[in-house]
Amino acid sequence: MSDERDAWDEAGAIPVTGEDLEQGRQPSAPSADEPHGQPDKHDQHATLHDDPEELAKLATDTDIASDVTATDAEAQWNADAEARLRANPKTVALWSGRSLLGLVAIGAAVALGVGAVWAAGSGAFAVDREPVSEQITPMAGEQQIVCAPGQLRVQSGEGGSTSIVPVSDANPVVPELEGAETAQLPIGNVEGAELTSVQAPVGDSVLGGMSWTSADDAEIAGLSGAACTSPAASQWLVGGATTTGRSSIIVLANPSEQPTTVRLEVFTTEGPADSAANSAITIEPGTATAIDLASLSVDNASPAVLVRSEGSAVAAFMQHSIIRGLEPGGIDTISGQPAATTDQTFVGVPLSGRTSANVDGDGSDVQSTLRLVAAEDTVVRIEFSSPGTNPTTTEVPLAAGTVIDMDLSALPEGDYTIDIQSDAPVAAGMRSLPADGSVVADFVWLSPSRTIDGEVTVDARPRGHDRELVVYNASDDTQVIEVDGTEHELVAGALFSMELGQDPVVLRGSGIRASVVMTDDGLIAGYSVQPAPPAAAAVTVEY
């Protein structure tokens, strides 16, 4: 565009001469007898030259889109005016407003991959070049996990009231990493109970861990283990019950520095529980809260709970306990699953073959059970495989929002891999019981094992129990895994297992899934080994 023009352009801009630019003057207005027929802005500009605030007002009132063809001609004059305006602090904000509007217009052009040309009267930008792509790698953030609290239970009070009280302390097991910071998150409505939060810089070492607890009194007893989990905005808790003698407590922790609101959607074998539809729970920063699931869905034999956070991400756990008649029937803690998926695997699941027929007293939930729920109608294809046996497959239809429990007591006793495929995302949980002991005094709820690509540290406690690590090659190719520096080759679908000793084990591989199961004289606990938090990855930006 020329720096000298003899007439108004189509946008109504004042022509700018080279002399104007050399002298730092405002543009010259056209004479009244020029045939262009455009309005006379000369008097207005002359006034504004002496009144910076009026000049700034005009700048912010100007439609930047319709004025874009004039900006090249006015650029030098605007720069000169802006230099004068800097001396008046009251007008800086107004000029910043105009600059921002200009950037928005230019940004719109950039997003469309154009040469910043607005076609007058057309209402659209004109494209005159191909978009440019560039890869940008975000800065690595921090990895954070939250470990489950000690065992809690629901205590009955006067007049039918209930409260939640602690029974035992938590025992978090987390690797020591350089720069890691540990904080305690008190459960606001349970005196003396808390969770452990650990935060560390993302680096070569992976932040992971587990938490265990045990209880042994007249009303609640058993062994419990759960994976420490990363906070998430949406997650599932699949397991538990709120029928007679069954208690399920949901614990929600907010390790962030901002308050958050959490909503719980509870599902049953009949569909969503209406009583929980409007549940909204506010959690203050650095705290946690505990909810008796029976307050949202009473007499629910097969609950599945969707946890959604509307602010900061939260960590979610469910603690389930059973008392059969007058005898404690076990405890366990379930860690939240970050999302329902179409491809899930339970690894190293011990199936005992127990049924209610060989248990004294209330044996309604002693059999091994696979629990499933889906947000939409789908068909689930399930394969059960155990070393030395032929795989068993079945298909199960799932109605949207409806929970089903599959009784697995007909399967032979053994350690199983359970592979679940579906067309729509499904959430799942697996209840198993110890194979030994004449009385069923404990149980375990397992979550599907997530895919590990990289390195994790496994350090299961307590060490006085038998603890087995089971690794499954979930990929379609042969994989080489490394356990404490020793390599093992696994063909697709193969298992590797080992007894854990006194020291932590470093597991490294790609496309693998793993779990730990602990047993001892009628007690059982276990958890799925969590993968490393996702690292910052390169993203492609087009402009």
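Residues numbered from 1 in each chain as written. Predicted model: local features only at pLDDT ≥ 70, side-chain atom pairs only at ≥ 80, totals over all residues. Heavy atoms only, no water.

Chemist: Got a minute to help me understand the overall build of the protein chain in this structure?
Modeler: For the protein chain, the count of helices and strands is 5 helices and 35 strands. Looking at the protein chain residue by residue over its 543 residues, the buried ones come to 46%. Across the protein chain, every contact between residues at least 6 apart in sequence was considered, and the portion connecting residues at least 24 apart equals 73%. Carbon and sulfur atoms make up 49% of the accessible area of the protein chain, which totals about 25400 Å². (Helix = DSSP H or I, 4+ residues; strand = E, 2+ residues; numbered from the N terminus. Buried < 20%, exposed > 50% of the residue type's maximum accessible area, 1.4 Å probe, protein only. Contact = heavy atoms within 4.5 Å. Areas by Shrake-Rupley, 256 points an atom, 1.4 Å probe, with all protein chains shown as cover.)

Chemist: Can you help me understand the pairing of strand S34 (residues 523-528) in this one?
Modeler: Side-chain direction in a regular strand flips from residue to residue, so the side chains alternate between the two faces of the sheet. The buried fraction of S34 amounts to 5 of the 6 residues, a majority that puts the element mostly inside the structure. Where strand S33 (residues 505-520) and S34 come together, 6 bridges link them in antiparallel fashion. Among the inter-strand pairings, Thr519 is bridged to a residue of S34, identified as Ile524. Hairpin connection, S33 to S34: the antiparallel pair is bridged by 2 residues, and Asp521 has positive phi, about 50°. (Pairing = 2+ DSSP bridges.)

Chemist: Quick question: what am I supposed to make of the packing of aromatic side chains here?
Modeler: In this description, a pair of aromatic rings is defined by centroid distance and the angle of the planes. Using the criterion set out here, one finds 1 aromatic pair in the structure. When the centroid spacing of 5.5 Å and the interplanar angle of 35° are considered together, the rings of Trp236 and Phe267 count as tilted. With Trp236 in strand S12 (residues 234-238) and Phe267 in strand S14 (residues 260-268), this pair connects stretches of sequence that are 31 residues apart. Considered together, Trp236 and Phe267 belong to a single accessibility category, that of buried residues. (Phe/Tyr/Trp six-rings, centres within 6.5 Å; stacked < 30°, edge-to-face > 60°.)

Chemist: Looking at this model, I keep getting lost on the sheet that holds strand S19 (residues 315-324). Mind explaining?
Modeler: The pairing of strands in a sheet comes from backbone hydrogen bonds and takes either a parallel or an antiparallel form. What the 4 strands build is an open sheet, ordered S17-S13-S19-S20; its pairing is antiparallel. The strands lining the two open edges of the sheet, one partner per strand, are strand S17 (287-292) and strand S20 (327-335). Between one strand axis and the next, the sheet turns by 15° as a mean value, whatever way the strands run. Bridge analysis of strand S13 (residues 246-254) against S19 gives 8 bridges, and the strand direction is antiparallel. By the bridge assignment, Ala253 is partnered in S19 with Ala315. (Axes fitted to C-alpha atoms, helices over the stretch in contact; angles between N-to-C directions.)

Chemist: Can you help me understand the state of the cysteines in this one?
Modeler: A full pass over the atoms with the stated rule returns 1 disulfide. What pairs with Cys147 in a disulfide is Cys228, and their sulfur atoms sit 2.1 Å apart. Because the sign of the S-S torsion sets the handedness, a value of about 105° for the bond joining Cys147 and Cys228 places this disulfide among the right-handed ones. Of this pair, Cys147 sits in strand S4 (residues 142-147) while Cys228 sits in the loop between strand S11 (221-227) and S12; the two residues are 81 residues apart in sequence, bridging distant segments of the chain. (Disulfide = S-S within 2.5 Å.)

Chemist: Mind showing me how you'd approach the sheet that holds strand S10 (residues 210-216) here?
Modeler: Taken together, the 3 strands give an open sheet; going across it, the order is S7-S10-S11, and neighbouring strands pair in antiparallel fashion. For this open sheet the edge positions go to strand S7 (171-173) and S11, each flanked by a neighbour on one side alone. Neighbour-to-neighbour, the strand axes of the sheet open up by a mean angle of 15°, direction not taken into account. Here S7 pairs with S10 via 3 bridges, running antiparallel. Each bridged residue has a counterpart across the sheet, and for Pro172 the counterpart in S10 is Ser211.

Chemist: Looking at this structure, I do not really get the pattern of salt bridges. What am I missing?
Modeler: It is possible for side chains of opposite charge to pair when their charged atoms get near one another. This structure, assessed with the given rule, holds 11 salt bridges. One salt bridge in this structure joins Arg263 and Glu310, with 2.5 Å as the shortest N-O distance. Pair noted here: Arg263 is in strand S14 and Glu310 is in the loop between strand S18 (304-309) and S19, with a separation of 47 residues, a long-range link. One salt bridge in this structure joins Arg513 and Asp343, with 3.4 Å as the shortest N-O distance. Pair noted here: Arg513 is in strand S33 and Asp343 is in strand S21 (residues 341-351), with a separation of 170 residues, a long-range link. Judged by its relative accessible area of 6%, Arg513 falls in the buried class. (Salt bridge = Lys/Arg side-chain N within 4 Å of Asp/Glu carboxyl O.)

Chemist: I'm lost on the environment of Ala441 in this one. Help?
Modeler: Mapped onto the secondary structure, Ala441 falls in the loop between strand S26 (414-432) and strand S27 (444-446). Taking the relative accessible area as the measure of exposure, Ala441 reaches 29% and is therefore partly exposed. As a C-alpha pair, Ala441 and Ala221 span 220 residues in sequence and 7.7 Å in three-dimensional space. Beyond its immediate chain neighbours, meaning those up to four positions away, Ala441 contacts Ala221, Pro328, Gly329, Gly330 and Gly522.

Chemist: Can you walk me through unusual backbone geometry in this structure?
Modeler: Unlike most non-glycine residues, Asp484 shows phi in positive territory, near 55°. Among the structural elements, Asp484 can be located in the loop between strand S30 (479-483) and strand S31 (486-490). For Asp521, which is not glycine, the phi dihedral falls at a positive 50°. With respect to the helices and strands, the residue Asp521 is situated in the loop between S33 and S34. When its relative accessible area of 68% is taken as the criterion, Asp521 is described as exposed.

Chemist: Would you take a moment to explain the side chain of Asp459 for this structure?
Modeler: Within the fold, Asp459 resides in the loop between strand S28 (452-458) and strand S29 (466-473). Exposure remark for Asp459: the relative accessible area of 16% places this residue in the buried category. A polar contact of 3.1 Å, which involves the side chain of Asp459, links it to the side chain of Arg461. In this structure Asp459 touches Val173, Met210, Pro504 and Tyr527, once residues within four positions along its chain are discounted. (Polar contact = N/O pair within 3.5 Å; in protein donor to acceptor, adjacent residues only side chain to side chain.)

Chemist: Please clarify how the nonpolar core should be interpreted in this entry.
Modeler: Nonpolar side chains in soluble globular proteins tend to end up buried together. Leu469, Val471, Ile481, Leu507, Val516, Tyr527 and Val529 are the most contacted members of the largest nonpolar core, which has 26 residues in total. Of all the secondary-structure elements, those providing two or more residues to this core are S10, S11, S28, S29, S30, S33 and S34. At 6 residues, the largest contribution of residues to this core is made by S33. Excluding residues that lie within four positions of it along the chain, Val471 makes contacts with Ile481, Leu490, Ala494, Leu495, Phe496, Leu507, Ile512, Arg513 and Ala514. (Core = buried A, V, L, I, M, F, W, Y, C linked by side-chain atoms within 4.5 Å.)

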